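If you want the building blocks of each chain, they are given just below.
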Amino acid sequence: MNHTARKRFGQNFLHDMHIIHAIIQAINPQPDDIVVEIGPGLGALTKPLSGCLKHLHVIEIDRDIIEYLQNQPFADKLTIHSGDVLKFDFAQIRGIKKIVGNLPYNISTPLLFHLAHYANEISEMHFMLQKEVVERMCATPSNKHYGRLSVALQYFFAMEKMIDVPPAAFEPAPKVDSAVVRMITDIGRIGVAHNFNHFSQVLTQSFAMRRKTIHNNLKGLADDDDLLAVGISPSCRPENITPEQFVALSNYLVEKI
Ligand code: SAM
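Residues numbered from 1 in each chain as written. Predicted model: local features only at pLDDT ≥ 70, side-chain atom pairs only at ≥ 80, totals over all residues. Heavy atoms only, no water.

### Some remarks on the site of the ligand
Formally: Think of it this way: one heavy atom of a residue within 4 Å of a molecule or strand is enough to make that residue near it. By the criterion applied in these results, polar contacts are pairs of N or O atoms within 3.5 Å in which, for protein atoms, one can donate a hydrogen and the other can accept it, and in which residues neighboring in sequence qualify only through two side-chain atoms. Per-residue accessibility takes into account occlusion by the displayed protein chains alone, with areas from the Shrake-Rupley method and a 1.4 Å probe. Under the DSSP-based scheme used, a helix requires at least four consecutive residues in state H or I and a strand at least two consecutive residues in state E, with every element numbered from the N terminus.
Near the ligand you find 23 residues, and of these Leu14, Gly39, Glu60, Asp84 and Asn102 are the closest. Contact distances for the ligand include 3.4 Å between a nitrogen atom and a backbone N or O atom of Ile61. One of the side-chain nitrogen or oxygen atoms of Asp84 is found 2.8 Å away from a nitrogen atom of the ligand. Taken by itself the ligand offers 590 Å² of open surface, and the protein chains cover 98% of this. Broken down by secondary-structure element, the contributors of at least two residues to the shell around the ligand are strand E1 (13-14) and strand E3 (56-60).

### What to know about the domain arrangement of the protein
Which entries qualify depends on this criterion: Domain borders in the structure are assigned automatically or taken from a domain database. Whether two residues are in contact is decided by their heavy atoms, any of which lying within 4.5 Å being enough. Once two parts are brought into contact, the accessible area they lose, counted with a 1.4 Å probe and summed over both, makes up the buried area. Basic side-chain nitrogens of Lys or Arg form a salt bridge, by our definition, when they fall within 4 Å of a carboxyl oxygen of Asp or Glu.
Assigned domains within the protein: domain 1 (7-185) and domain 2 (196-256). The centre of domain 1, based on its C-alpha atoms, is set 32 Å off from the matching centre of domain 2. At the interface, 12 residues of domain 1 touch 14 residues of domain 2. Summed over both sides, the interface between domain 1 and domain 2 buries roughly 980 Å², with carbon and sulfur atoms accounting for 70% of that surface. Summed over the three residues of domain 1 that lose the most area to domain 2, namely Tyr146, Arg148 and Val151, the buried surface amounts to 49% of that side. Counting across the domain 1 and domain 2 interface gives 0 salt bridges.

### Comments concerning the nonpolar core
This is how the line gets drawn: Nine residue types can take part in a nonpolar core, namely buried Ala, Val, Leu, Ile, Met, Phe, Trp, Tyr and Cys, and a core is a set of them joined through side-chain atoms within 4.5 Å. Think of it in three bands: with a 1.4 Å probe and only protein chains considered, a residue is buried below 20% of the maximum accessible area for its type, exposed above 50%, and partly exposed in between.
Of all hydrophobic cores here, the largest spans 55 residues; its most connected members are Phe90, Ile99, Phe127 and Met137. Summarising the domain contributions, this core has at least three residues from each of domain 1 (7-185) and domain 2 (196-256). Beyond its immediate stretch of four places on either side in the chain, Phe127 contacts Ile38, Ile99, Val100, Gly101, Leu103, Leu112, Leu115, Ala179, Val180, Val181 and Met183. Among the nonpolar cores identified, the runner-up in size contains 26 residues, and Leu78, Met128, Ile163 and Phe170 belong to it.

### Notes on unusual backbone geometry
Here the amide bond leading from Glu171 into Pro172 is cis, since omega sits at -10°, within 30 degrees of zero. Tracing the backbone through its elements, the reader meets Pro172 in the loop between strand E8 (170-171) and strand E9 (178-185). Backbone geometry places Asn28, a non-glycine residue, at a positive phi of 50°. Its place among the elements puts Asn28 in the loop between helix H1 (17-27) and strand E2 (35-38). Even without glycine at this site, Ser142 takes up a positive phi of about 75°.

Here is the structure:
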């Protein structure tokens, strides 16, 4: 197909067969798995995936690409959901086992938060993302990449960087390095927040100014006694606080209200 990649849809098409094979191996699709692919594009992953599966759901926003997919030999294996994945209700597909995709990088953070709403209904996800985003997702305390995204996602998922992917693996080549991340749903691994909205507010406020102490960032939400009650030194920086401590702090504050 003579398709000009559309920047507004984050279109960078994979063409490196070695990388494509490594991604399919990491996903390890089994014939009966219910799998959803986000952004199938010209089918770099869709074709080999559909070869392993009885059926595959795909979500695509670009109408020209949808028309192209409808005319491919593997089209009879596909259910094509046309539209914006950020508005897609994943609950409409029963028994989702895996969600996969080489994601449009321009919407990756809102998309990861959208998917977190459905964590209970998804077993695992494999995504190609900007490498720097994958490093932030997987980061542990005291690492320079550790922040709100790390804690917010680690609340729901165990995550692991699987494959580094250079720009040359795509057409057109993006300006940044990429990586594939595996996300396995594991709610409760860092504790259970009694009020999730409050926990999110604690995270947002804690990391508002990374260079400031937690005492400064949490002014109005927690005082030094609250911090000390859950073992957090008021003079430490947010990047030194563990995910478990953020959950404990939120629960402690919610109890007090
Ligand atoms: N999977 C293909 C590959 O690996 O070559 C294409 C990946 S390309 C990085 C991202 C794909 O997501 C494109 O097909 C693009 O049209 C689609 N896309 C972009 N924004 C989207 C959105 N909001 N909802 C659904 N699909 C979107």
